[in-house]
Amino acid sequence: MKKIKTLTGFLLAVLLFVGCATEKPEGEKLPKGLPEFKGEIGRTFEDSKEDYPQPLHAPEDAPNVILILLDDVGFGQAETFGGPISTPALTKLAKEGVSYTQFHTTGICSPTRAALLTGRNHHQMGFGTISELSTGYPGYHSIWGKDAASVAEVLKQNGYSTGAWGKWHNTPDWETSPIGPFDRWPTGMGFEYFYGFQGGETSQWEPQLFKNTIPVEPGKTPEQGYHLTEDITEDAISWLRNQKSLDDEKPYFLYFAPGAAHAPLHAPKEWIAKFKGQFDDGWDKMREYTLERQKKMGIIPADTKLTPRPESIPAWEDQTEDAKKVYANQMEVFAAFLAHTDYYIGKLIEEARSLPGGENTIVMYVVGDNGASAEGSMTGTLNNMMTQNGFPDSIERQLELMDEVGGKNHENHFAVPWAWAGTAPFQWMKRVPSHFGGTRNGLVVSWPEGIKASSEIRTQFHHVVDIVPTIYEIANIKVPQEVNGVQQLDMAGVSMAYSFDNKDAESTRKTQYFETGGHRAIYNEGWVAASFHGVPWELQGSIGFDNDVWELYNIEEDFSQANNLADQYPEKLEELKRLFDEEAQKYSVYPLDDRFVERASNPERPSLTKGKNSFTYMQGTVRVPEGSAPKIYARTHSITAELDYKPGDEGVIVATGGSAAGYTFYIKDNRLHYSYNFFHMNHYDISSNITLPEGKLEVKMVYTQESEEWGGGGTAQIFVNGQEVGKGKVDKVVPARFSATETMDIGMDLGAPVTPNYHGPFKYPNTIKHVTFDLI
């Protein structure tokens, strides 16, 4: 018995030892508790001594941090990295610091942002894709967990002020309504202040904005000179001045993510004029010129090859003269948008440098969240949402309206070949993370007090997950093991600070996987295995995964991935494919899914409307995002409103969408109207054949879906007090989504108006008791 007890005790000790050995070491926990009281407490205040808990202070000499992220900008577009578009603010910053030429993103928007702000891989965060395409798997549900605190949360709890401006595309689509929940909005993720928009894109002229969690409208109209980039810059500068006026010793974290240069490509006419004629040589020559500049500047090795144009992309010389006019204009508008944005970023940086602590301010300027975008289709488009719903535009229509491109009336985007040209010298573009055209983005870092180097290039291989660990190291902040009571995921990123003043240092990132939309790649110590999975401008259907081919590149000798070595080193390729599978399983990459449009209408996704066919809204219910509005797409339905009316009353009863696409039910000129906007290409207007009687009215619109074709329409009827007063065909309807950020509004039409028949918000002045939708 004694031996058994002894053996049992020994085994227990071994088990306890093993358990302790495998536990994570105790790490930093946030929030930090109140300090131990070191005063004295007597019976009264007279014989006691105070020890007041002091405000939280950041580590000594912790720098201010400005993190800038552009949108949809390719490696070969900005002049700082050899491109044709002037970016003097970025270039000035590069002269004051270091430029990274082997820095990488995830290949698409929301995933890059999730990785950038946490230091974790995008699938690890549930962001294998954008929220609007999310699916019910751990790597794809788009739900930012509490086990991955943002850099803003950690810095805030270490004594920083925090603020975010511009685009926020990391709140689940179904949580962006005015009732929240708000814990996955910027202000719930550690940002004490937010001014910007939710979703993938918005009009730069008539944006849908939020201040913290409150919907707000721009203070000016486009006619009065409003532009979103200018607005958020001015607001960020105001915040900086307040912050430094009130506590000039407190460091700040400023995250600036403008909508530029994501479609719609909106720029002032005077900026567009600056680039007139600069792209008349076309996309093939643009790539050649860019390669020459990149080599001359030392951005790329002198022996870098220019990867050839894919067969699926046409040559410039084969285009008609009319097409060349349209295409050149598209690129002029894009260039203006990017240059205009860089100018205002320059103003922001200049202000930051002039304030107390300006020299101890690190600026990390990431030039794009992925490669240049091919979502404008092969011809380009006046309506980006139209192409994302699967409908191409025509050269003829674009030529006719060319002078309007860049203005408020169009959701314009450039043609696929310009995206390819903008990623020179690499293959492919946004949404193709198998190749560097989708993931290689420029990065410039400037920190006068912390980086001695200037005008120097860094070639270490790094990824967007490495930004957060870098910030923690330079701010002397420990990576927390627990935040707000939740154990944290392991950090995937590594610090880049070692490379700031050592251009020859060996890269500390040895391995990195890439995947979105079925495109896959794995980097490991100078080698890349890549599996291309179809052209990114085809947005419908699945091509399956049985016939995928893997390529192999030695990027230490082949900077642009021009020489496929798969046949020469099959064993190396198989080794890397196995490594990809290990990383994919580790970070929840599976299951692979290459669908796009079909995922936008995923019936399994949470929604305020899920499982319901009838909805009633009260007057003043506004800024309801599409994901939380009734799904009336290509479906029989009715809209019924009870309201008070007197002659002269005019305004919107309900509107959903905006100038890109949508519908509106409204009263004007004493008549009832229903207007359906099919991508600003077809407007279907149905008006009552009677003037409206005074008093309490029941007005109704009944739409009957008749076509089974994608985008095919039906018939709309309008009624007043049960009597049919108008009827008309709606030949084409939007099958998947009207807009990226426009909303449903009861009693008005906020943002860009659905129809040109009125000017927004066109608020109804009388009482609307309720508006009811019935889906049939």
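About the thresholds
Residues numbered from 1 in each chain as written. Predicted model: local features only at pLDDT ≥ 70, side-chain atom pairs only at ≥ 80, totals over all residues. Heavy atoms only, no water. Buried < 20%, exposed > 50% of the residue type's maximum accessible area, 1.4 Å probe, protein only. Helix = DSSP H or I, 4+ residues; strand = E, 2+ residues; numbered from the N terminus. Pairing = 2+ DSSP bridges. Axes fitted to C-alpha atoms, helices over the stretch in contact; angles between N-to-C directions. Contact = heavy atoms within 4.5 Å. Salt bridge = Lys/Arg side-chain N within 4 Å of Asp/Glu carboxyl O. Polar contact = N/O pair within 3.5 Å; in protein donor to acceptor, adjacent residues only side chain to side chain. Core = buried A, V, L, I, M, F, W, Y, C linked by side-chain atoms within 4.5 Å. Phe/Tyr/Trp six-rings, centres within 6.5 Å; stacked < 30°, edge-to-face > 60°.

A.B. asks: Help me get a handle on the pairing of strand E10 (residues 361-367), residues and values and all.
C.D. replies: The element E10 is largely enclosed, with a buried count of seven among its seven residues. By the alternation rule, side chains of E10 split into Thr361, Val363, Tyr365 and Val367 and Ile362, Met364 and Val366, which are all buried. As paired strands, strand E2 (residues 64-69) and E10 are joined by six bridges and run parallel to one another. The partner of isoleucine 66 across the bridge, within E10, is valine 363. Pairing of E10 with strand E11 (residues 442-446), which is carried by five bridges, proceeds in the antiparallel orientation. Across the sheet, valine 363 pairs through a bridge with serine 446, a residue of E11.

A.B. asks: So what's going on with helix H13 (residues 467-474)? Which residues, and what values?
C.D. replies: Here H13 lies mainly inside the structure; seven of its eight residues are buried. Among all positions in H13, only Ile467, Val468, Pro469, Thr470, Ile471, Tyr472 and Ile474 are buried. Trailing H13 by a residue or two, asparagine 476 shows a phi angle of about 60°, which is positive.

A.B. asks: Now, about the sheet that holds strand E19 (residues 551-554): what can you tell me, with residues and values included?
C.D. replies: Across the sheet, which stays open at both edges, the four strands sit in the order E16-E17-E18-E19 with antiparallel pairing between neighbours. At either end of the open sheet lies a strand with only one pairing partner, and these are strand E16 (511-516) and E19. Direction aside, the axes of adjacent strands within the sheet are offset by 15° on average. Sheet topology note: the strand E18 (residues 527-531)/E19 ladder contains four bridges and is antiparallel. Paired with valine 528 across the two strands is tyrosine 553, which belongs to E19. Strands E16, strand E17 (519-524), E18 and E19 of the sheet are contacted by helix H14 (residues 570-586), whose axis makes an angle of about 105° with E17.

A.B. asks: So what's going on with the pattern of salt bridges? Which residues, and what values?
C.D. replies: Counted under the stated rule, the structure contains 31 salt bridges. With its nearest N and O atoms 2.9 Å apart, the salt bridge here joins arginine 623 to glutamate 217. Residue arginine 623 is located in the loop between strand E20 (614-617) and strand E21 (624-625), and its partner glutamate 217 is located in the loop between strand E8 (214-216) and helix H5 (228-246); the two are separated by 406 residues in the primary sequence. Aspartate 548 is paired through a salt bridge with arginine 520; the nearest N and O atoms lie 2.5 Å apart. In this pair, aspartate 548 is assigned in the loop between E18 and E19 and arginine 520 in strand E17, connecting sequence segments 28 residues apart. Just as aspartate 548 is buried, arginine 520 falls in that class too.

A.B. asks: Which residues make up the side chain of asparagine 766, and what values go with them?
C.D. replies: Within the secondary structure, asparagine 766 is located in the loop between strand E30 (743-746) and strand E31 (768-775). Among the residues examined, asparagine 766 registers a relative accessible area of 19% and is labelled buried. Looking at asparagine 766, its side chain comes within polar contact range of the main-chain oxygen of aspartate 644, at 3.5 Å. Every residue in contact with asparagine 766, bar those within four places of it in the chain, is listed here: Gln619, Asp644, Tyr645, Lys646 and Asp649.

A.B. asks: Can you tell me about the sheet that holds E20, naming the residues and giving the values?
C.D. replies: Taken in spatial order, the six strands make up an open sheet running E20-E31-E22-E27-E28-E29, and their pairing is antiparallel. At either margin of the open sheet sits one strand with a lone partner, and together these are E20 and strand E29 (723-732). Averaged over all pairs of adjacent strands, the angle between their axes in this sheet comes to 15°, without regard to strand direction. As defined by bridge partners, strand E22 (residues 637-645) adjoins strand E27 (residues 695-705) across nine bridges and the pair is classed as antiparallel. Within E27, the residue paired with glutamate 642 across the bridge is glutamate 698.

A.B. asks: Tell me about the side chain of threonine 112, and please be specific about residues and values.
C.D. replies: When you line up the elements, threonine 112 lands in helix H3 (residues 109-118). A distance of 2.8 Å separates polar atoms of two side chains, one belonging to threonine 112 and the other to threonine 106. Setting aside its immediate chain neighbours within four residues, threonine 112 contacts Thr105, Thr106, Gly107, Asp369 and Val464.

A.B. asks: Account for the pairing of E11, with residues named and values stated.
C.D. replies: A large share of E11 lies buried, amounting to five of its five residues. Here E11 shows two buried faces, one formed by Gly442, Val444 and Ser446 and the other by Leu443 and Val445. Relative to E11, strand E3 (residues 98-100) is paired through three bridges, and the arrangement is antiparallel. Residue pairing in the sheet places tyrosine 100 in a bridge with leucine 443 of E11.

A.B. asks: Describe the nonpolar core, with residues and values.
C.D. replies: Formed by 90 residues in total, the largest nonpolar core has its most connected members in Ile85, Trp165, Leu254, Phe256, Tyr365, Trp418 and Met429. Excluding anything up to four places from it in sequence, methionine 429 contacts Ile313, Ala372, Ala374, Val416, Ala419, Trp420, Thr423, Gly437, Gly438, Pro536 and Trp537. Listed in part, the 54 residues of the second largest apolar core include Leu69, Ala115, Val154 and Met364.

A.B. asks: Give me unusual backbone geometry: which residues, what numbers.
C.D. replies: Look at the link from alanine 260 to alanine 261: it is a cis peptide, with omega at 5°. Within the secondary structure layout, alanine 261 lies in the loop between strand E9 (252-257) and helix H6 (269-273). Residues alanine 263 and proline 264 are joined by a peptide bond in cis, for which omega reads 0°. Turning to its location among the elements, proline 264 is positioned in the loop between E9 and H6. Residues other than glycine seldom take positive phi values, yet serine 455 does so here, at roughly 55°. Secondary-structure assignment places serine 455 in the loop between E11 and strand E12 (456-458).

A.B. asks: Tell me about the environment of alanine 492, and please be specific about residues and values.
C.D. replies: Residue placement: alanine 492 occurs in the loop between strand E15 (486-487) and E16. Given the relative accessible area of 14%, alanine 492 is considered buried. Apart from the residues within four sequence positions on either side, alanine 492 is in contact with Gly119, Arg120, Asn121, Gln124, Val465, Arg509 and Tyr587.

A.B. asks: Just give me the short version of the packing of aromatic side chains, but keep the residues and values in it.
C.D. replies: Following the criterion strictly, the structure yields 39 aromatic pairs and no others. Ring centres of phenylalanine 75 and phenylalanine 81 lie 5.7 Å apart, and the angle between their planes is 50°; on these two criteria the pair is classed as tilted. Like phenylalanine 75, the residue phenylalanine 81 is buried in the burial classification. When the centroid spacing of 5.1 Å and the interplanar angle of 75° are considered together, the rings of tyrosine 666 and tyrosine 758 count as edge-to-face. Residue tyrosine 666 is located in strand E24 (residues 662-668), and its partner tyrosine 758 is located in the loop between E30 and E31; the two are separated by 92 residues in the primary sequence. In this pair, the class of tyrosine 666 matches that of tyrosine 758, namely buried.

Any link to function would need more than the numbers given here.
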